[in-house]
Amino acid sequence: MDQRRLTFIAAPFVVIVGTVLVWELFCRALSIPPFILPAPSTVFATLVGSFGAILWNAEYTLFTTMIGFALSVVVGMALGVAIGAWALAYAGLYPLLVAFNSVPKVALVPILVIWFGTGAVPATITAFSAAFLPIAVNVATGLTTVEPELKDVLRALGASKMDIIRLVGIPRSLPYFFASLKIAIALAFVGAVVSETVAADRGIGYLMIAASSRFDVPLVFAGLTVIALMGIALYVVCVLIERRYIRWAVRGLEEGFA
C-alpha cells in the first residue's frame, strides 16, 4: 500500500481525533458545565454507563432506518428511471415530488400517527420519505446524461427504448445512484429520529427527548454520537459497494485528481 493511499485512509481518523481533542480542551479550559456542553470524556463515560439502554434503543432506530432506506432505494430507483427515460413522467411526477419534498418531514409525523399509531411504522415511513427523492433525482440525472448520438447509434442497430435504458442508461446512472445513497442514508436517519422524538416509545430519538426532559445533556450527546457512528458505518458500507462495482467512477477521487 503506497503512501498516498495510506494518507487517504488516515485523513478522516486524524480529523475526527483532532476535533475531539479540541472539543475536550475547549470544555476543560473554559470549565463548561456538562449540562451546557459535556466534554467528549463525559460523553464516553455516559456511553459506557448507559450502554444497555443505548443499545436497546439504537437497535430499534437502526431497524426502522434500514427498512425506510431499503424502500427508498427501490422506489427512488424506479421513479428515477421513469423520470429520466420518459418526458411525460418527468412532466407529471417531478413537480409533485418537489412539492412533497418541500413539506417538513416532522409535519408528517402527526398524520402518520393518526393513521398507523405510534411505533415503527411512522418512523419507517418518515425515513423513507426523507431519503427517496435524492435517489430518484440522481438516477434521473444519470439517465439524461446519455449522449443523443449514442442513442441514435443504438436505435440504428435495432435497440429498443428499453434496451437503451438497460444497456446504457442504467450503467451510466450508477455513479449518480451510489452518490445519492451516501446522502440518502443520512437523511433516512434524520427522518427516523425526527419521528421518534415526536411519537415513539423506543429509539434514539425517544431516548434523547427523555434525557433532555431531565437535563441529562451527556446522554443526549451520547445518543447523537451513536447516530453519527451508525451513519458513518452505513456510509462506509455504501462506499465499499461503490468501489466494488463502479471502481472506474471513483478512481479519480482516490488518486486525488493527480
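In this text the structure is predicted, and so the values were computed from the model without any measurement.

Points about unusual backbone geometry
At Ser31, a position not held by glycine, the phi torsion is positive, near 50°. If you trace the backbone, Ser31 turns up in the loop between helix 1 (3–30) and helix 2 (40–49). The backbone of Phe215 sits at a positive phi, close to 60°, despite the residue not being glycine. Along the chain, the position of Phe215 falls in the loop between helix 9 (204–213) and helix 10 (217–245).

Some thoughts on the environment of Pro40
Tracing the sequence through the fold places Pro40 in helix 2. Assessed through its relative accessible area of 14%, Pro40 is described here as buried. Leaving out residues up to four positions away in the same chain, Pro40 has contacts with Val20, Trp23 and Glu24.

A word on the packing of aromatic side chains
The full count for this structure, using the stated rule, is six aromatic pairs. With a centroid separation of 6.4 Å and an interplanar angle of 85°, the aromatic rings of Trp115 and Phe116 are classed as edge-to-face. When the ring of Phe128 is compared with that of Phe132, the centres are 5.2 Å apart and the planes differ by 15°; the resulting orientation is stacked. With a gap of four residues between them, Phe128 and Phe132 both fall in helix 6 (residues 120–144), about one helical turn apart.

What to know about the pattern of salt bridges
Pairing between side chains of opposite charge can happen when the charged atoms of each approach one another. A complete count under the given rule lists three salt bridges for this structure. The shortest N-O distance in the salt bridge between Arg202 and Glu59 comes to 3.9 Å. Of this pair, Arg202 sits in the loop between helix 8 (161–198) and helix 9 while Glu59 sits in helix 3 (residues 51–85), placing them 143 residues apart in sequence. With relative accessibility at 44%, the residue Glu59 sits in the partly exposed group.

Description of the environment of Ile209
Relative to the assigned elements, Ile209 resides in helix 9. Here the alpha-carbon distance between Ile209 and Leu219, two residues ten residues apart in the chain, equals 10.0 Å.

Section: the side chain of Ser180
Topologically, Ser180 is positioned in helix 8. Judged by its relative accessible area of 0%, Ser180 is buried.

Quick notes on the rules
- Residues numbered from 1 in each chain as written.
- Predicted model: local features only at pLDDT ≥ 70, side-chain atom pairs only at ≥ 80, totals over all residues.
- Heavy atoms only, no water.
- Helix = DSSP H or I, 4+ residues; strand = E, 2+ residues; numbered from the N terminus.
- Buried < 20%, exposed > 50% of the residue type's maximum accessible area, 1.4 Å probe, protein only.
- Contact = heavy atoms within 4.5 Å.
- Phe/Tyr/Trp six-rings, centres within 6.5 Å; stacked < 30°, edge-to-face > 60°.
- Salt bridge = Lys/Arg side-chain N within 4 Å of Asp/Glu carboxyl O.

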